[in-house]
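Overview (structure and organization)
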Amino acid sequence: MKTKTHPHTLFSNSSHNTKSDNPNKQWGGRFCGGPSEIMQTINASISFDKTLWQQDIRGSHAHAEMLAHVGLISADDLAAIHQGLDDIYQEIESGSFIFSDALEDIHMNIEARLSERIGEAGKRLHTARSRNDQVATDFRLWVRDAIDSLNRHIASLMQALASKAKHHAADPMPGFTHLQTAQPVTFGHHLLAYVEMLSRDRGRLADTRRRLNECPLGSAALAGTSFPIDRQMTSAALDFDRPTANSLDAVSDRDFALEYLSALSILAMHLSRFAEEIILWCSAPFSFIRLSDAFTTGSSIMPQKRNPDAAELVRAKTGCIIGSLVGLLTVMKGLPLAYAKDMQEDKQPVFTATEAATLCLAAMEGMVRDMHVHTQNMRVFANAGYSTATDLADWLVRVLKLPFRTAHHITGKLVAKAEEKNITLAELSLAEMQEEEPGITEDIYSVLTVDASLASRTSMGGTAPHNVRIQAQKWLTLLDDTSTETTGTHA
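Cut-offs and rules
- Residues numbered from 1 in each chain as written.
- Predicted model: local features only at pLDDT ≥ 70, side-chain atom pairs only at ≥ 80, totals over all residues.
- Heavy atoms only, no water.
- Phe/Tyr/Trp six-rings, centres within 6.5 Å; stacked < 30°, edge-to-face > 60°.
- Helix = DSSP H or I, 4+ residues; strand = E, 2+ residues; numbered from the N terminus.
- Buried < 20%, exposed > 50% of the residue type's maximum accessible area, 1.4 Å probe, protein only.
- Patch = residues over 30% accessible without salt bridge, like charges linked within 9 Å, V, L, I, M, F, W, Y side chains within 5 Å.
- Areas by Shrake-Rupley, 256 points an atom, 1.4 Å probe, with all protein chains shown as cover.
- Salt bridge = Lys/Arg side-chain N within 4 Å of Asp/Glu carboxyl O.
- pLDDT = per-residue confidence, 0-100.
- Contact = heavy atoms within 4.5 Å.
- Pairing = 2+ DSSP bridges.
- 1 Å grid on protein atoms, 1.4 Å probe; cavity = no way out; pocket = protein on both sides within 12 Å on 5 of 7 lines; lining within 4 Å.
- Points joined across faces, edges and corners; volume = space filled by probe spheres on them.
- Axes fitted to C-alpha atoms, helices over the stretch in contact; angles between N-to-C directions.
- Parallel < 35°, antiparallel > 145°, perpendicular 65-115°, else oblique.
- Left-handed = near helix turned anticlockwise from the far one by under 90°.
- Nonpolar A, V, L, I, M, F, W, Y, C, P; charged D, E, K, R; others polar.
- Disulfide = S-S within 2.5 Å.

Things to note about the packing of aromatic side chains
All chains considered together, the criterion is met by 11 aromatic pairs. With a centroid separation of 6.5 Å and an interplanar angle of 80°, the aromatic rings of Phe139 and Phe351 are classed as edge-to-face. Of this pair, Phe139 sits in helix H7 (residues 131-167) while Phe351 sits in helix H13 (residues 347-370), placing them 212 residues apart in sequence. The class of Phe139 is buried, set by a relative accessible area of 0%. Phe351 sits in the buried class, given a relative accessible area of 11%.

This is the structure we're talking about:
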């Protein structure tokens, strides 16, 4: 008989009422005892929010400068705070900093260490601020930095796609609707479709960045502060466009995180669609592309297998990213103003989704640059499935001046006739075609080849090879100029 494990045995104390011998001194005189171990474990966020350490130190430098500027701390205190924060930065960067769960989060860990190093001056740093506006500021800084980093990754993937598209601007492949052969397109045209999607993803991230770029610092706990602070100064020091306008909103808003996760979810969906196509293209029935050993794995039992696992994992990680958005929406949906401890759960989904999106972008770029394209296989399939039937109908409209619906009907009959004989449209004799429409001439055969079909699609945004070359080069030029910026500009 198995013994049930009591949940309290997950912790060293046998009872959740057992108090710690080390009350948190940050709370001052209000609390005499410490939290239970269970309370300390559920309450602590240092295990994940230490990711914000650089942003927290940067925000503290700016806050200290402002406090000295308005006369709330002395020049000596400011110098000591700056030096202490710089030393802590080096400690964390080197790995020698000891993070304490008892101090709950990154803000208290850094503040406590600062006071250890520089004494009373360190205790003055928290004047005119709360952890509420502090974390809101740190989190916005972190998301802003993440957007800038992701923007560069997206631009790099777009460059890889545009470069491959230019190289394959004239190579035909079957275009699909309903995953059924529809009309020929070029492989380059297909790849440029994803460049357009990624451009919109950059635009959404740019929009998110613009909206989040307001500084909450100085909002304090929820009501602002009675100290004569200069919020314009801290906002400018941290490269925000302006301070937030409402202190309640400033500390309780997580729209920027939700909007960021929404943009990442759409990005992940785009990457997943492309990953699905890579998986199909690698399969034996398609054999449109081949990935090298760098992005595939083998089978433990079937020696012939080459599995596109990198693409499959990109497809799978979409669930993690979209789940992060749903998770945070659920956390936020019932919270009254202003701050609530529930909002401690805002960071993990953002950190998780960012890591997943960054990895997916790197994997997709690697696969694009790695893939070998079987152009002849694609050409064979581009010519299958009566893919030039629309070209035949268009010829009937353009040359014989038939109504399109009439031309569509005639073409359908010709397709059925070719299908019955198991031949292509181009293999039907002129006499067989004239049985359905006497006006058809030998010129009809000029539009029934894949290359003729591609060359005819010259409308703006069409798949004509000339169009594709121009558009690919436009993107390469634009991305070369703006790859370090957050932009959604179209080529």
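Let us keep going from here.
Let's talk about a nonpolar patch on the surface
Judged by side-chain polarity, Leu222, Leu248 and Leu337 come together as a nonpolar surface patch covering roughly 270 Å² of accessible area. Turning to its location among the elements, Leu337 is positioned in the loop between helix H12 (309-332) and H13.

As for the confidence of the model for the chain
For the chain, the average pLDDT comes to 91, and 91% of its residues sit at 70 or higher. Per-residue pLDDT stays below 50 along residues 1-23; that stretch engages in 24 contacts with residues further than four places along the chain or on separate chains.

Looking at the side chain of Asn467
Looking at the element boundaries, Asn467 is found in helix H19 (residues 465-482). Residues contacting Asn467, with those up to four places away along its chain left out, are Arg457, Thr458, Ser459, Gly461 and Gly462.

Observations concerning the pairing of strand S1 (residues 172-177)
Examined bridge by bridge, S1 and strand S2 (residues 180-186) share 6 bridges and lie antiparallel to one another. Of the residues in S2, the one forming a bridge with Pro174 is Pro184. Counting the residues between successive antiparallel strands, the hairpin from S1 to S2 contains 2 residues, one of them, His178, with a positive phi of roughly 60°.

Quick word on empty space enclosed by the protein
Per the stated rule, a full pass over the model turns up 1 cavity of 30 Å³ or more. Its volume calculated, the largest cavity comes out at about 30 Å³. Surrounding the largest cavity, Leu157, Leu161, Tyr194, Leu198, His270, Leu271 and Phe274 form its lining. The set of elements that each furnish at least two residues to the lining of the largest cavity consists of H7, helix H8 (187-212) and helix H11 (255-282).

Things to note about the packing of H12 against H13
The interhelical angle for the contact between H12 and H13, taken along N-to-C directions, is 155°, at an axis separation of 9 Å. By the criterion of interaxial angle, the relationship of H12 to H13 is roughly antiparallel. Helix-helix and strand crossings are classified by hand; for H12 and H13 the assignment is left-handed. Contacts between H12 and H13 involve Ala310, Ala311, Val314, Lys317, Cys320, Ile321, Ser324 and Leu328 from the first element and Pro349, Thr352, Ala353, Ala356, Ala357, Leu359, Cys360, Ala363, Met364 and Met367 from the second. Classifying every residue of the contact of H12 with H13 by side-chain character gives 15 nonpolar, 2 polar and 1 charged.

A look at the pattern of salt bridges
Following the criterion strictly, the structure yields 27 salt bridges and no others. The closest approach of N and O atoms between Asp77 and Arg124, which form a salt bridge, is 3.0 Å. A residue pair is termed long-range when its members are at least 10 positions apart, and Asp77 in helix H4 (residues 75-94) and Arg124 in the loop between helix H6 (120-123) and H7 qualify at 47 residues. Residue Asp77 is classed as buried on the basis of its relative accessible area of 15%. The salt bridge partner of Glu120 is Lys123, with a shortest N-O separation of 3.6 Å. Of the two residues, Glu120 and Lys123 both sit in helix H6, 3 residues apart, roughly one turn of that helix. This pair shows no difference in class: Glu120 is exposed, exactly as Lys123 is.

Side note on the layout of surface pockets
Estimates place the volume of the largest pocket at around 300 Å³. Only H8 and H19 provide two or more residues apiece to the lining of the largest pocket. Top element by residues in the lining of the largest pocket is H19. It accounts for 5 residues.

Regarding the side chain of Thr411
For Thr411, the position within the fold is in helix H16 (residues 404-421). Relative accessible area serves as the criterion here: at 5%, Thr411 is assigned to the buried category. Beyond its immediate stretch of four places on either side in the chain, Thr411 contacts Ala389, Leu392, Ala393 and Leu396.

Examining the packing of helix H3 (residues 53-69) against helix H5 (residues 106-118)
Two quantities define a packed helix pair, namely the angle between the axes and the distance from one axis to the other. Remark: H3 packs on H5, axes separated minimally by 10 Å, with the N-to-C direction vectors making an angle of 55°. With respect to each other, H3 and H5 are oriented oblique. Handedness of the crossing formed by H3 with H5: right-handed. Taking contact as the criterion, the partners of Trp53, Asp56 and Ile57 in H3 are, on H5, Ile106, His107 and Ile110. Residues belonging to the contact of H3 with H5 are distributed by class as follows: 4 nonpolar, 1 polar and 1 charged.

What about the state of the cysteines?
Inspection of every chain in the model, using the stated rule, returns 0 disulfides. The closest cysteine sulfur to the non-disulfide-bonded Cys282 is located on Cys360, 17 Å from its own sulfur. On the basis of relative accessibility, which here comes to 24%, the residue Cys282 falls in the partly exposed class. No disulfide involves Cys320; its nearest neighbouring cysteine sulfur is the one of Cys360, lying 8.4 Å away.

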